[in-house]
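The chain contents come next:
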Amino acid sequence: DVAGFAVGVVDEKKILNKGKIKKGDLVLAVPSSGIHSNGYSLVRNILKKNKLPSKIKEVLLKPTKIYVNEILNLCKKNLIHSAANITGGGIVENIVRSIPDNLTANIDLSKIKIQKVFSWLKSKNVSDKEMLKTFNCGVGFCLITKKNNYKIIKKYFSKEFSPYIIGYISKDNKNLNLYNNLQW
């Protein structure tokens, strides 16, 4: 197990400002490359009790997709209002940091394109709540943007990581509203 981190400096003018988010903006999901770096304690616990299919083994060893080049290009073109890396805490804990207090990210859980590895983990008696809190469930990154930027944004990603719509922004005092169910 190897971990690392980086520290950087950003010009204040280039920082994404959640204050730009408006009612009606879209929430886009950028697919993950797999589990990324979160939830491995739970995965190890499940593996102690269950045989690991070979296809799942490959996914567990796949490196984390880093979206830096795509996000930097979107920032240069001023195409996104805010973004969230879906890491430890899943969508539930990460997207709320990108939403101003007077707005809500409405996420349609049925729109999330769940990868097989997450369906397999779910089948080992893990609740939906725990899956959403522990894993990215197939969403590696979220972008918040104006509706008319969606088609342009898709051009900055390869087909494998093409963003898709999972929600929208509305006016409300709670930062997150999850509705419908994950489709395992």
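Relevant structure appears above.
Quick notes on the rules
- Throughout this description, residue numbers start from 1 for each chain and increase along the sequence as written.
- For this predicted model, a pLDDT threshold of at least 70 governs which residues receive local features, and a threshold of 80 or more governs which side-chain atom pairs are given and counted, while totals over whole chains, interfaces and linings are taken from all residues.
- As a convention, hydrogens and water are excluded, and side-chain values are obtained from all of the structure's heavy atoms.
- What counts as a helix is a DSSP run of H or I of at least four residues, what counts as a strand is a run of E of at least two, and both are numbered from the N terminus.
- In protein, a polar contact requires one atom able to donate a hydrogen and another able to accept it; more generally it is a pair of N or O atoms within 3.5 Å, and residues adjacent in sequence count only if both atoms are side-chain atoms.
- Residue contacts follow a heavy-atom distance rule, with two residues in contact if any of their heavy atoms lie within 4.5 Å.
- Any residue with an atom within 4 Å of a point lines the site, the site being either a cavity, points on a 1 Å grid over the protein atoms alone where a 1.4 Å probe fits but cannot get out, or a pocket, an open set with protein on both sides within 12 Å along at least 5 of 7 lines.
- Grid points are joined across faces, edges and corners, and a volume is the space filled by probe spheres set on the points.
- When residues are sorted by character, Ala, Val, Leu, Ile, Met, Phe, Trp, Tyr, Cys and Pro go into the nonpolar class, Asp, Glu, Lys and Arg into the charged class, and all the rest, Gly among them, into the polar class.
- Each residue is assigned to one of three classes by its accessible area relative to the maximum for its type, calculated with a 1.4 Å probe on protein chains only: buried under 20%, partly exposed between the two thresholds, exposed over 50%.
- Here a patch means residues that are over 30% exposed by relative accessible area and free of salt bridges, tied together within 9 Å if like-charged and within 5 Å if nonpolar (Val, Leu, Ile, Met, Phe, Trp, Tyr).
- Calculation of accessible area relied on Shrake-Rupley with a 1.4 Å probe; when residues are assessed, cover is drawn exclusively from the protein chains displayed.
- Take a side-chain nitrogen of Lys or Arg and a carboxyl oxygen of Asp or Glu: if they are within 4 Å of each other, that pair is a salt bridge.
- We define the nonpolar core as a collection of buried residues of types Ala, Val, Leu, Ile, Met, Phe, Trp, Tyr and Cys that are connected through side-chain atoms lying within 4.5 Å of one another.
- Two rings belonging to Phe, Tyr or Trp (six-membered ring only in the last case) form a pair when the distance between their centres is within 6.5 Å. Interplanar angles under 30 degrees mark stacking, angles over 60 mark edge-to-face geometry, and anything in between is tilted.
- Distance and angle both matter: a charge sits over a ring if NZ of Lys or CZ of Arg is within 6 Å of the ring centre and within 35 degrees of the ring normal.

(A) The arrangement of the side chain of His 36 in detail. Positionally, His 36 belongs in the loop between strand 1 (26-31) and helix 1 (40-49). Within the structure, His 36 has its side chain in polar contact with the backbone nitrogen of Ser 33 (distance 3.0 Å). Not counting residues within four places of it along the chain, the set of residues in contact with His 36 comprises Thr 64, Lys 65, Tyr 67, Asn 136 and Gly 140.

(B) View of the layout of surface pockets. Considered as a void within the structure, the largest pocket measures approximately 680 Å³ in volume. Sorting the residues of the lining of the largest pocket by element identifies helix 3 (68-76) and strand 2 (82-85) as the ones contributing at least two each. At 5 residues, helix 3 tops the list of elements feeding residues into the lining of the largest pocket. The residue inventory of the lining of the largest pocket, partitioned by class, reads 12 nonpolar, 6 polar and 3 charged. Its boundaries defined by the atoms lining it, the second largest pocket holds a volume of some 360 Å³. Lining the second largest pocket are 17 residues, with Pro 31, Ser 32, Lys 113, Gln 115 and Lys 116 positioned closest to its centre. Only helix 2 (54-61) and helix 5 (116-122) provide two or more residues apiece to the lining of the second largest pocket. Of the residues belonging to the lining of the second largest pocket, the class tally is 5 nonpolar, 6 polar and 6 charged.

(C) Seen up close, the side chain of Asn 106. Following the sequence through the fold, Asn 106 ends up in strand 3 (residues 103-108). By relative accessible area, which is 4% here, Asn 106 ends up buried. Sequence-distant contacts of Asn 106, that is, excluding residues within four places in its chain, are made with Ile 166, Gly 167, Tyr 168, Ile 169, Ser 170, Asn 177 and Tyr 179.

(D) Inspection of a nonpolar patch on the surface at higher detail. Taken together, the side chains of Ile 66, Val 68 and Leu 72 present a nonpolar region at the surface, about 280 Å² in accessible area. Among the residues examined, Ile 66 registers a relative accessible area of 55% and is labelled exposed.

(E) Spotlight on the nonpolar core. Val 27, Ile 95, Ile 112, Leu 121, Leu 143 and Ile 166 are the most contacted members of the largest nonpolar core, which has 50 residues in total. For Leu 143, the residues in contact, after removing those within four places along its chain, are Leu 26, Val 27, Leu 28, Val 30, Ile 71, Leu 74, Ile 80, Ser 82, Ala 83, Ile 153 and Phe 157.

(F) Broad picture of the packing of aromatic side chains. Applying the stated criterion across every chain, the model contains 3 aromatic pairs. Ring geometry for Tyr 67 against Phe 141: centres 5.4 Å apart, planes inclined by 50°, an arrangement best described as tilted. With Tyr 67 in the loop between helix 2 and helix 3 and Phe 141 in strand 4 (residues 139-145), this pair connects stretches of sequence that are 74 residues apart. Each member of the pair, Tyr 67 together with Phe 141, is buried. Seen in terms of ring centroids, Phe 118 and Phe 135 are 6.0 Å apart; in terms of plane orientation they differ by 55°. Their pairing is tilted. Highlighted residues: Phe 118 in helix 5 and Phe 135 in the loop between helix 6 (128-134) and strand 4, separated in sequence by 17 residues. Neither residue differs from the other here; Phe 118 and Phe 135 are each classed as buried. Joined through ring pairs, the aromatic side chains of Tyr 67, Phe 141 and Phe 161 make up one cluster. A cation sits over an aromatic face here: Lys 65 above Phe 161, 5.1 Å from the ring centre. One Lys or Arg, Lys 113, reaches over the ring of Tyr 164 and ends 4.3 Å from the middle of that ring.

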